[in-house]
Amino acid sequence: MNLKAIAKCLMTGLFSCTLLSCSNVEQPADSNGHSLWFHSLNGDEPFRFVTEENPSTLSILANELSQNWKQKEPVIVKFNDHQKLLANDGYTLYWLHDTVWVQANTPIGALYGVYDLIRRQETGNLPKHVKDMVQFTEVPAYDYRVLNHWDNPNLTVERGYAGRSLWKWDELPGNIRPEYEEYARANASIGINATVLNNVNADPCMLTREYLLKVKALADLFRPYGIHVFLSVNFAAPKHLSDLGTSDPLNKNVRDWWNAKAKEIYSLIPDFGGFLVKANSEGQSGPQDYGRTHADGANMLARAVAPYGGIVMWRAFVYAASSPDRAKQAVEEFMPLDGRFDDNVIIQIKNGPIDFQPREPFSPLFGQMQKTRVMAEMQITQEYLGHSNHLVFNLPTWKECLDADTYMHGPDYSVYYITSGKKPFHELSAIAGVANIGDSVNWCGHHFAQANWYAFGRMAWNPQLSAEQIAEEWIKQTFTSNKKFVRNVKEIMLTSRETNVNYEMPLGLHHTFSGAGHYGPGPWEGSSRPDWSPKYYHKAAADGVGFDRSDKGSNAVEQYNEPLRSLYNDPESCPDELILWFHHLPWDYKMKSGRTLWDELCYKFQCGIDKTRSYIRTWEKMRPYVDEKRYNDVYVKLVRQAKDAIWWRDATMLYFQTFSGMEIPSKYTQPQHTLDELQKFRLRISNYETPALDKLPDYTLE
Ligand code: BDP
């Protein structure tokens, strides 16, 4: 019965009819969220994997079809080596003579095609009337679509908020948990084809024989799902694991050590992907310890893996304590080395110049390196976005970076264009996401955090898919295709990123986090290292707020190509959402809206607060369509998110008030705690914990 009919029943007094129709809504069975986006296929029933000892990609494919293809048309899989278009894991699906054909060059391409078919079926996107031939061809945008796990051998996960590490190093290689294969299947279903198993702050032990055998066990399991295993390596490994006493990349013995290590790895794992390296950053060792450059270090490792087809992903996340503007450092350190990296080195650059903030401009390094392969690193785990307590669908942040035009040689040089292999020197392309996966039953801590894993994979396959399409696919497969549910939940997801920016750091503010776990606000905090303190970033003072990166300040704008340089340089033309990133402005500065900067900040925070409350109300209406368990899990976290939104506003604006002397307008939610109370509050969590909901400042939601 539709709404109009219900209204008519009410008007004509047929009330019992309405009640009857409501009680007919069947409550879905409880779910713990373990089945991810396969939920619509068989609820929480465990998937039956191929029982053979070493299943091949083709047996996995056949198994998926036999368990999940529910249509009457048969599916035929066809291989055709001559289809150049289909290189790199691509496939074609077509419907002809009441038969569905999956055409690919390789078994893994065909498996991707089968997952696509099943996705179309589950999201209601199969062609309806197949009179003429219908055809879809899909080729991934990036060669390597990589998850970076920041997992440690002691089972903690740096910035991981979903329990402990999925990899039970202490049990491997003997004990193979079912989750390992579930993980591989989930990744394959969204096109992810590479995984870096361990933390970029790498423990040298990962390269010992003992650990390599554990890594091999996982690689063997992942192989038929098309997933290449990589390792993060500690640059000082030769010094730690041998008696060489040095890790100097120009030392012959050190180079021999790495060559021998690569040979050993490839003898165990022939399709090993290569190395990810964090060097000379945040205390990690690197070539600069020996007076050498990033290129010297990267090329040494690249030459060790080159004979086997391996690659090196070398991170550009570098900064020194002494830097007057940390945002400038990657360009300063890497630009002089442009063109000096070997062909199998790719520089891995975080989306923004600082560190995965709710909003940053794209890293200017993308628009500068012209003779070096570059890739983007996104953060899936919500280090700065309320951990696994907040619902934040972060795909819009990543797309904002990929869609940004760098103007490298004039217009139409987006980050996507530059990184996806469109340029001649760029045959090698990759994109990475820092994983949000742990051993918690629902994999990611928050049921909606699964959407970020899903979205990263789908975007890495095709960055041109809209956030709306990806969100909708995920909702339908994870919950239900009920129209009302899809429409409402999609609205929450698609607005959640901007909401998060508004309640945490609007108008280009950044890093106002408390150092304790990067969860709550701490704008008043200082630090032994200035660039680790919020004060360094917001620069709030009597004369105003914001970091002056214009040509009158640190001149970081200079690292952007025109017309961006001029656009960002002038507060009149700088987009509002980045204005305090690039400018230090008086509290009464007149914004484009006509409001003063102070009022605009109050307004933006209030938008964030209001929106988090609206999510609670929307979710309450979704109750009939979602199982009790997931409904409640999400509900309590939405409530906490709304409270945290007020906490963020109170902490930031009450602290800024000590400089501005201005009031929070009475039409807005008024603070419930004093600045003093908030400053006394201490959150004690490590960098691999998310705070318990009842350990956070108390707030009342009216
Ligand atoms: C920062 C994290 C830190 C990581 C570092 C990195 O706070 O834990 O080690 O990035 O990316 O976001 O290396």
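One can find the structure itself at the top, above this paragraph.
Thresholds applied
Residues numbered from 1 in each chain as written. Predicted model: local features only at pLDDT ≥ 70, side-chain atom pairs only at ≥ 80, totals over all residues. Heavy atoms only, no water. Helix = DSSP H or I, 4+ residues; strand = E, 2+ residues; numbered from the N terminus. Rg over C-alpha atoms; globule rule 2.2 N^0.38 Å. Buried < 20%, exposed > 50% of the residue type's maximum accessible area, 1.4 Å probe, protein only. Near = heavy atom within 4 Å. Polar contact = N/O pair within 3.5 Å; in protein donor to acceptor, adjacent residues only side chain to side chain. Areas by Shrake-Rupley, 256 points an atom, 1.4 Å probe, with all protein chains shown as cover. Pairing = 2+ DSSP bridges. Axes fitted to C-alpha atoms, helices over the stretch in contact; angles between N-to-C directions. Contact = heavy atoms within 4.5 Å. Expected span 1.5 Å × (residues − 1). Patch = residues over 30% accessible without salt bridge, like charges linked within 9 Å, V, L, I, M, F, W, Y side chains within 5 Å. Salt bridge = Lys/Arg side-chain N within 4 Å of Asp/Glu carboxyl O. Lys, Arg positive; Asp, Glu negative; His and termini not counted. Charge placed at Lys NZ, Arg CZ, Asp CG, Glu CD. Phe/Tyr/Trp six-rings, centres within 6.5 Å; stacked < 30°, edge-to-face > 60°. Core = buried A, V, L, I, M, F, W, Y, C linked by side-chain atoms within 4.5 Å.

**Student:** Could you give an account of the overall build of the protein chain, with specific residues and numbers?
**Tutor:** Scanning the protein chain from N- to C-terminus turns up 22 helices and 12 strands. The globule rule puts the C-alpha radius of gyration for 702 residues at 27 Å, and the 26 Å found for the protein chain is close to it. Oriented by its inertia axes, the alpha-carbon framework of the protein chain measures out at about 80 × 70 × 50 Å. Within the protein chain, the fraction of its 702 residues that count as buried is 61%.

**Student:** How would you explain the site of the ligand if you had to name every residue and give the values?
**Tutor:** As a matter of local geometry, the ligand sits amid 14 residues, with Glu158, Lys278, Arg315, Asp355 and Glu383 nearest to it. In the model, an oxygen atom of the ligand is placed 2.5 Å from a nitrogen or oxygen of the Glu383 side chain. Contact with the protein chains hides 97% of the accessible area of the ligand, taken as 320 Å² for the molecule alone.

**Student:** Which residues make up the sheet that holds strand β4 (residues 134-138), and what values do they have?
**Tutor:** Strand order in the open sheet formed by 4 strands is β1-β3-β2-β4, with mixed pairing between adjacent strands. Every interior strand has two partners, whereas the edge strands, β1 (75-79) and β4, have only one. Strand-to-strand twist in this sheet, taken as the mean axis angle between neighbours without regard to direction, amounts to 15°. When β1 meets strand β3 (residues 99-104), the two strands line up parallel, connected through 5 bridges. Within the sheet, the bridge partner assigned to Phe79 lies in β3 and is Ala104. Strand contacts of helix α5 (residues 107-122): β1, β2 (91-96), β3 and β4, with the helix running at about 55° to β2, the strand carrying the most contacts.

**Student:** Report on helix α15 (residues 467-478), specifying residues and quantitative values.
**Tutor:** Taking 1.5 Å per residue, 12 residues should reach 16 Å; α15 reaches 16 Å between its end C-alpha atoms and fits that length. When you tally the buried positions in α15, you get 9 out of 12 residues, the bulk of the element. Along α15, the residues that are buried comprise Ala467, Ile470, Ala471, Glu473, Trp474, Ile475, Lys476, Gln477 and Thr478. On the buried face of α15, the contacting elements are α3 (39-42), α5, α12 (395-403), α14 (450-461), α16 (483-504) and α21 (628-660).

**Student:** Describe the sheet that holds strand β5 (residues 144-148), and please don't skip the residues or the numbers.
**Tutor:** Strand pairing within a sheet occurs via backbone hydrogen bonds; the two strands may be parallel or antiparallel. Read once around its circumference, the closed barrel built from 8 strands follows the order β5-β6-β7-β8-β9-β10-β11-β12, with strand pairing classed as parallel. Sheet twist, expressed as the average angle between the axes of neighbouring strands with direction ignored, equals 25°. In this structure, strand β8 (residues 274-277) lies alongside strand β9 (residues 311-315), joined through 4 bridges in parallel fashion. Bridging across to β9, Gly274 finds its partner in Ile311. Helix α10 (residues 294-305) contacts β7 (228-233), β8, β9 and β10 (345-350) of the sheet and is inclined by roughly 160° relative to β9. Strands β11 (374-379) and β12 (430-434) of the sheet are contacted by α12, whose axis makes an angle of about 160° with β11.

**Student:** Before we move on, can you summarise a positive patch on the surface with the specific residues and values?
**Tutor:** Side chains of Lys484, Arg487, Arg617 and Lys621 sit close together on the surface and give a patch of like positive charge. Put simply, the parts of the chain that give the positive patch at least two residues each are α16 and α20 (597-621). Residue placement: Lys621 occurs in helix α20. Assessed through its relative accessible area of 54%, Lys621 is described here as exposed.

**Student:** So, the pairing of β12: which residues are in play, and what are the values?
**Tutor:** Of all the 5 residues making up β12, 5 are buried; the element is thus mostly covered by neighbouring parts of the structure. Pairing between β5 and β12: 5 bridges, direction parallel. Across the sheet, residue Val146 finds its bridge partner in β12, namely Ala432. Of the strand pairs in this sheet, β11 and β12 are connected by 4 bridges, and their pairing is parallel. When the sheet's bridge partners are listed, Ala376 is paired in β12 with Ile431.

**Student:** I'd like a rundown of the side chain of Lys399, residues and numbers included.
**Tutor:** Structurally, Lys399 can be placed in helix α12. Among buried Asp, Glu, Lys and Arg side chains, Lys399 stands out as unpaired, with Asp403 the closest opposite charge at 4.9 Å. The contacts of Lys399, once residues within four sequence positions are left out, are Met459, Pro463, Gln464, Leu465, Ser466 and Ala467.

**Student:** Give a description of the environment of Thr618 that names residues and reports values.
**Tutor:** Mapped onto the secondary structure, Thr618 falls in helix α20. In the structure, Thr618 is positioned 153 residues away from Leu465 in sequence and 26 Å away in space, judged by C-alpha atoms. Excluding residues that lie within four positions of it along the chain, Thr618 makes contacts with Asn488 and Ile492.

**Student:** Go over the packing of aromatic side chains, please, and point to the residues and values.
**Tutor:** The geometry of two aromatic rings is summed up by the distance between their centres and the angle between their planes. Applying the stated criterion across every chain, the model contains 51 aromatic pairs. Arranged with centres 5.7 Å apart and planes meeting at 80°, the rings of Phe448 and Trp619 form a pair that is edge-to-face. Here Phe448 is found in the loop between β12 and α14, whereas its partner Trp619 is found in helix α20, with 171 residues between them in sequence. On the basis of relative accessible area, Phe448 is assigned to the buried category, the value being 4%.

**Student:** Explain the side chain of Asn502 residue by residue, including any values.
**Tutor:** Here Asn502 shows up in helix α16. On the basis of relative accessibility, which here comes to 11%, the residue Asn502 falls in the buried class. Setting aside residues no more than four positions away along its own chain, Asn502 makes contact with Lys604, Phe605, Cys607 and Gly608.

**Student:** Residue-level account of the nonpolar core, with values.
**Tutor:** One finds Trp258, Trp314 and Trp453 to be the most contacted residues of the largest nonpolar core, which totals 161 residues. Once residues within four sequence positions are removed from consideration, Trp258 is found in contact with Leu207, Val233, Asn234, Phe235, Ala237, Pro238, Phe275, Met300, Leu301 and Ala304. With 58 residues, the next largest nonpolar core counts Val196, Val545, Leu597 and Ile609 among its residues.

**Student:** Quick one: what's the story with unusual backbone geometry, residue by residue and with numbers?
**Tutor:** Trans is the prevailing form of peptide bonds, just as negative phi is the prevailing case for residues other than glycine. Here the residue pair Leu172 and Pro173 is connected by a cis peptide bond, since its omega of 0° sits within 30 degrees of zero. Summarising the element assignment, Pro173 is placed in the loop between β5 and α6 (178-189). In the segment running from Glu562 into Pro563, the intervening peptide bond is cis, with an omega of 10°. Mapped onto the secondary structure, Pro563 falls in the loop between α17 (534-538) and α18 (564-569). Despite not being glycine, Arg159 has its phi angle at roughly 60°, a positive value. Tracing the chain through its elements places Arg159 in the loop between β5 and α6. Of the residues examined, Arg159 reaches a relative accessible area of 13% and is grouped as buried.

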